Amino acid sequence: MGQITRESMEYDVVIVGAGPAGLSAAIRLKQLDAECSVVVLEKGSEVGAHILSGAVLDPVGLDALIPDWKKKGAPLNVPVKDDNFYMLGEGGKIRVPNFPMPPLMNNHGNYIVSMGNVCRWMAEQAEELGVEIFPGMACSELVYGDNGEVRGVVAGVFGLEADGSIGEGTEPGMELLGKYVFLSEGVRGSLSQEVIGKYNLGEGHEPQKYGLGMKEIWEIDPEKHREGSVTHTMGWPLGKNAGGGSFIYHLENNQVYVGFVVHLNYKNPHLFPYMEFQRFKHHPMVAELLEGGKRIAYGARAISEGGYQSMCKMVAPGVALLGCSVGMVNVPRIKGNHNAMLSGKAAAEAAYAAIQDGRSSDELSDYETEVREGAIGQDLKRVRNVKPLWSKKGLITSLVVGGFDMWTNTLAGFSLLGTMGHGKTDAEATEKAALWNPIDYPKPDGKLSFDRLTNVAFSFTNHEESQPAHLKLRDSTVPIAVNLPEYAEPAQRYCPAGVYEVVEEVGKDPKFVINFQNCVHCKTCDIKDPSQNIHWTVPQGGDGPNYPNM
Ligand SMILES: Cc1cc2nc3c(=O)[nH]c(=O)nc-3n(C[C@H](O)[C@H](O)[C@H](O)COP(=O)(O)OP(=O)(O)OC[C@H]3O[C@@H](n4cnc5c(N)ncnc54)[C@H](O)[C@@H]3O)c2cc1C
């Protein structure tokens, strides 16, 4: 695409991604200066189409951004009424009482929401303030200035030929340039990864860690529905195979969010996270709730889990990384939306002050200071050892020692453990297949559990088949020559959308097939491939899932 001439447009601030982080930044910029020109570009067909969260929302971010959100009709309609935590065994459960948990774990005052709907509402607020929002516009490239600073992005490239070349029907897109560019792409953003690499922003920080979150929306029997109820579980079916657990949130209209997170630092390449989720729904506690109901939507998304010590440097000349592009999830709370909002607000305030001073395209270091030393840093610092304890010492130790550590951090602001490291990346954590036994998963019954492709249809995902695959192999020989013999090619299992297949036919060499049309943009392949050979790039705008109210 190098020789193409493109039109360009200048803004004060260009924002990539209409999630809670990007939209908060846009709103705050306009609150501070109605004349500030702000554009938000979103790859989903509409705002909210690619948003997947639990979601129990801590309103602290929204309170700071739009204090009268209630009056303005924000879709926070279901306050949390009860909070339950169970350790599951195959056929039973033990309730973990709430009283030993530090107050930060309490969901009182939080809301069960559709973050897709919250983002749709935030987009309306932003547009009323004069923000330009363009959904269906994927940002596929960064534009650099003469001194290596980030000047903008290329957005809106459509209709490439299947081999990636430019054809007669190709729309070359536009350059959107800004005094500052905010990357609020969420977890493992493709442009964010480029910036982290180019400016070496990860240096001196722990590697980012991830989980894979899968989620279904169910409509259940009204008799069993308990609006405002929140349940988390750990234990079965993952046991010692992987860290993770489930969430069950009762929202409005007899709907329930049923979700399952598998930490991606699991060692056994035979593990099949999607099938673990399906198996989980057959636990008597869950089956009893869902029986007679129907699953109406499915989706998946990676979640950042590295926390405080994995937050990379978040500014470079002309660019700032926001929200989960840095990784701001409080792991024991499974919450990141509030921090995404607070980071958007902080980035906007830093950019506004810089522009007022006549600056542009430099490092917004005040933003980074606010994140690390302000409310976000405080939220994440208190819980920084929970994830490494879980990874290194297992679930029970992390509950007991991690719980104690959260208490000392909360009450006295210190930890006997200091700050623990994470060590390996999730890709490096994968061990050779020969060291592990394959896992035998029960077949889905089509009532409570579903095969992957049937479920993917309920993500309403779509990618133009004539387009080049946006999932690129750095070396096309690696899946069959390396990953298959050494790791039983785990892409076949870790992808929650069935994108990757190894097709083996008698008398022929095995073939690695990429069904990119199924991709739900969770980014797990980019994270977990043990050879780090899969590169998730952004497809053309409007492609991907079309989540209703995830
Ligand atoms: C299963 C699961 C459960 C969770 N549960 C909770 C919970 O209960 N409570 C909570 O607070 N948090 C929860 N989280 C975490 C929360 O979802 C994240 O912290 C939050 O989404 C981060 O917001 P963000 O704005 O940084 O990114 P996102 O919400 O991911 O938004 C990024 C947006 O940018 C767009 N985008 C990305 N790249 C491009 C590009 N190149 N061009 C154009 N657009 C682009 C995406 O389409 C998306 O719309 C959960 C996460 C998962 C996966």
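Before reading further, recall that the structure is shown in the block above.
Cut-offs applied
Residues numbered from 1 in each chain as written. Predicted model: local features only at pLDDT ≥ 70, side-chain atom pairs only at ≥ 80, totals over all residues. Heavy atoms only, no water. Buried < 20%, exposed > 50% of the residue type's maximum accessible area, 1.4 Å probe, protein only. Helix = DSSP H or I, 4+ residues; strand = E, 2+ residues; numbered from the N terminus. Pairing = 2+ DSSP bridges. Right-handed = clockwise from strand over helix to strand, strands pointing away. Contact = heavy atoms within 4.5 Å. Phe/Tyr/Trp six-rings, centres within 6.5 Å; stacked < 30°, edge-to-face > 60°. Lys NZ or Arg CZ within 6 Å of the ring centre and 35° of its normal. Near = heavy atom within 4 Å. Polar contact = N/O pair within 3.5 Å; in protein donor to acceptor, adjacent residues only side chain to side chain. Areas by Shrake-Rupley, 256 points an atom, 1.4 Å probe, with all protein chains shown as cover. Nonpolar A, V, L, I, M, F, W, Y, C, P; charged D, E, K, R; others polar. Expected span 1.5 Å × (residues − 1). Salt bridge = Lys/Arg side-chain N within 4 Å of Asp/Glu carboxyl O.

**Let's talk about the pairing of strand β2 (residues 38-42)**
No. 1: Most of β2 sits out of view: five of its five residues are buried.
No. 2: Burial of β2 is two-sided: the residues Val38, Val40 and Glu42 facing one way and the residues Val39 and Leu41 facing the other way are all buried.
No. 3: Two elements, strand β1 (residues 7-16) and β2, share four bridges in a ladder whose sense is parallel. Within β2, the position partnered with Ile15 by the bridge is Val40.
No. 4: In this fold, β1 hands off to helix α1 (residues 20-32), which returns the chain to β2; that crossover is right-handed.
No. 5: For β2 and strand β8 (residues 132-135), the ladder comprises four bridges, and the chain directions are parallel. Looking at β8, one finds that Glu42 is bridged to Pro135.

**Concerning the environment of Pro332**
No. 1: Its place among the elements puts Pro332 in the loop between β18 (319-321) and α7 (337-356).
No. 2: Distance in space between the C-alpha atoms of Pro332 and Glu276 is 20 Å, their sequence separation being 56 residues.
No. 3: In contact with Pro332, other than residues within four places in its own chain, are Met105, Val383, Val386 and Met406.

**Some thoughts on the packing of aromatic side chains**
No. 1: As enumerated under the stated definition, the model contains nine aromatic pairs in all.
No. 2: The rings of Phe260, Phe277 and Phe280 are connected pair by pair, giving a single aromatic cluster.
No. 3: Sitting above the plane of the Phe458 ring, Arg295 keeps its charged end 3.7 Å from the centroid.
No. 4: The positively charged end of Lys528 is found above the aromatic ring belonging to Tyr266, 4.2 Å away from the centroid.

**Quick notes on the site of the ligand**
No. 1: Close to the ligand lie 36 residues, the nearest being Glu42, Ser53, Gly54, Val56 and Cys324.
No. 2: Interatomic distance of 3.0 Å between a side-chain N/O atom of Glu185 and a nitrogen atom of the ligand.
No. 3: Note that an oxygen atom of the ligand is positioned 3.2 Å from one of the side-chain N or O atoms of Arg301.
No. 4: Starting from 1,000 Å² of accessible surface for the ligand in isolation, the protein chains cover 97%.
No. 5: Those elements that place two or more of their residues in the shell around the ligand are α1, β2, β16 (294-304) and α7.
No. 6: Its residues placed into classes, the shell around the ligand shows 20 nonpolar, eleven polar and five charged.

**Overview of the sheet that holds strand β3 (residues 56-57)**
No. 1: Taken in spatial order, the three strands of this open sheet run β3-β7-β4, and their pairing is antiparallel. A strand with exactly one partner marks an edge of an open sheet, and here the two such strands are β3 and β4 (78-79).
No. 2: Relative to strand β7 (residues 111-112), β4 runs antiparallel, the two sharing two bridges. Within β7, the position partnered with Val78 by the bridge is Ile112.

**Re α7**
No. 1: With 20 residues, α7 ought to run about 28 Å at 1.5 Å a step, and its terminal C-alpha atoms sit 29 Å apart, in line with that.
No. 2: For α7, the buried fraction is high: 16 of the 20 residues fall into the buried class.
No. 3: Of the residues trailing α7, Gly358 is marked for its positive phi of about 80°.

**Here's the deal with the pattern of salt bridges**
No. 1: Counted under the stated rule, the structure contains 20 salt bridges.
No. 2: One salt bridge connects Asp58 with Arg333, and the closest N-O pair in it is separated by 2.9 Å. Here Asp58 is found in the loop between β3 and α2 (60-65), whereas its partner Arg333 is found in the loop between β18 and α7, with 275 residues between them in sequence. We note that Asp58, like Arg333, is buried.
No. 3: Put simply, Asp58, Arg333, Asp379 and Arg382 are held in one network by salt bridges that share partners.

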